[in-house]
Amino acid sequence: MPVSEKPDGEAMCPHRLVLEHVTSRWGVLVLIALLERSYRFGELRRAVGRVSEKMLTQTLQTLERDGLVHRDAKPVIPPRVDYSLTDLGREAAEQIRALAAWTEHRMAAVQKARAAYDEARA
């Protein structure tokens, strides 16, 4: 199917789709975790926490397709697969980590704004 006929809107707004991948619940956590080091699947699942095997697999495949994650399957028994960030992925992950740090740093202000909003609506 030609790119212009893709039904998911990728052809119409590709940057928006990548933004959705990078800022998804699991995309954010995977990118931040992989900033530390490369991980095997099980290790990454434990590092991210509370993610199903299916959802982590889908997230990794999506990020790999976008060129952000590198999947290194070693031909050994038992099979060994390591996940790491590409240069593009590292760049994205650093931006995401900065946003996460800002959120942590400004959480008190957010909570204060929420309380004021809720009080005004009560």
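For clarity, every value in this text was computed on a predicted model and none was experimentally measured. Every chain is numbered on its own, with residues counted from 1 as its sequence reads. Local features in a predicted model are, by the rule used here, given only for residues with pLDDT of at least 70; side-chain atom pairs are given and counted only at 80 or more, and totals for whole chains, interfaces and linings are based on all residues. The basis for every side-chain value is the complete set of non-hydrogen atoms in the structure, without hydrogens or water.

Any chance you could explain the sheet that holds strand β2 (residues 69-74) here in plain terms?
Strands belonging to one sheet form pairs held by backbone hydrogen bonds; the direction of such a pair is parallel or antiparallel. Read across the sheet, three strands follow the order β1-β3-β2 without closing on themselves; strand pairing throughout is antiparallel. Each edge of the open sheet is held by one strand with a lone partner, namely β1 (39-40) and β2. We call two strands paired when DSSP finds no fewer than two bridges between them. We count a stretch as a helix when DSSP gives it H or I for four or more residues in a row; a strand needs E for two or more, and each element gets its number in order from the N terminus. Both β1 and strand β3 (residues 80-85) contribute to a ladder of two bridges, which runs antiparallel. The residue of β3 that forms the bridge with Y39 is Y83. Of the strands in this sheet, β1, β2 and β3 touch helix α2 (residues 25-36), which is tilted by about 95° from β3. Residues are treated as being in contact if the distance between any of their heavy atoms lies within 4.5 Å. Inter-axis angles, ranging from 0 to 180 degrees, are taken between N-to-C directions of lines fitted to C-alpha atoms, where helices are fitted over the stretch in contact.

Looking at this structure, how should I read the packing of helix α3 (residues 41-48) against helix α4 (residues 53-65)?
Working note: a packed helix pair is described by the angle between its axes plus the distance between those axes. As a packed pair, α3 and α4 sit with axes 11 Å apart at the nearest point and diverge in direction by 105°. Overall, the two elements α3 and α4 adopt an arrangement that is roughly perpendicular. Listed contacts from α4 to F41, L44 and R45 of α3 are E53, L56, T57 and L60. Put simply, Ala, Val, Leu, Ile, Met, Phe, Trp, Tyr, Cys and Pro go in the nonpolar bin, Asp, Glu, Lys and Arg in the charged bin, and everything else, Gly too, in the polar bin. Taken together, the residues of the contact of α3 with α4 sort by class into four nonpolar, one polar and two charged. Angle categories are assigned with fixed cut-offs, so that under 35 degrees is roughly parallel, over 145 is roughly antiparallel, 65 to 115 is roughly perpendicular, and the rest are oblique.

Where do I start with the pairing of β2 in this structure?
Along a regular strand, successive side chains alternate from one face of the sheet to the other. As defined by bridge partners, β2 adjoins β3 across six bridges and the pair is classed as antiparallel. Note that in β3 the partner of H70 across the bridge is S84.

Even after reading the chapter, I still don't get the packing of aromatic side chains, so can you show me in this structure?
Centre-to-centre distance and the angle between the planes together describe a pair of aromatic rings. Centres within 6.5 Å make a pair out of two Phe, Tyr or Trp rings, where for Trp the six-membered ring is used; the pair is then stacked when the planes are under 30 degrees apart, edge-to-face when over 60, and tilted otherwise. Considering all chains together, one arrives at zero aromatic pairs under this definition. Counting as a charge over the ring demands two things of the Lys NZ or Arg CZ atom: a distance within 6 Å of the ring centre and an angle within 35 degrees of the ring normal. Its guanidinium or amino end placed over the ring of Y39, R37 lies 4.0 Å from that ring's centre, counting from NZ or CZ.

What is the right way to read unusual backbone geometry from this model?
Following I77, the chain continues into P78 via a peptide bond in cis, with omega recorded as -5°. Even without a glycine there, the phi angle at R50 is positive, about 60°. Its location among the elements puts R50 in the loop between α3 and α4. With a 1.4 Å probe rolled over the protein chains alone, any residue whose accessible area is under 20% of its type maximum counts as buried; one over 50% counts as exposed, and the rest are partly exposed. Given the relative accessible area of 82%, R50 is considered exposed.

Is there a simple way to think about the side chain of D82 in this case?
Mapping D82 onto the fold places it in strand β3. Of the polar contacts made by the side chain of D82, one reaches the side chain of R80; its length is 3.0 Å. Apart from residues no more than four positions distant in its own chain, D82 is found in contact with Y39, R40, H70, R71, D72 and K74. Any N or O atom pair separated by 3.5 Å or less is treated as a polar contact, with the protein-specific requirement of one donor-capable and one acceptor-capable atom, and with residues adjacent in sequence counted only for side-chain atom pairs.

Just to check I follow, could you spell out the pattern of salt bridges for this structure?
Side-chain pairs of opposite charge can arise where the charged atoms are in close proximity. For this analysis, a salt bridge means a side-chain nitrogen from Lys or Arg found within 4 Å of a carboxyl oxygen belonging to Asp or Glu. Summed over all chains, the structure comprises four salt bridges. D72 is the partner of K74 in a salt bridge, and the nearest nitrogen-oxygen pair spans 2.6 Å. K74 gets classed as partly exposed once you look at its relative accessible area, which sits at 32%. Within this structure, D72, K74, R80 and D82 form a network of salt bridges that share partners.

Got a minute to help me understand the environment of E43 in this structure?
As for its position among the elements, E43 is in helix α3. In this structure, the C-alpha to C-alpha distance between E43 and D82, residues 39 residues apart in sequence, is 9.7 Å. A polar side-chain atom of E43 sits 2.9 Å from the main-chain amide nitrogen of R40.

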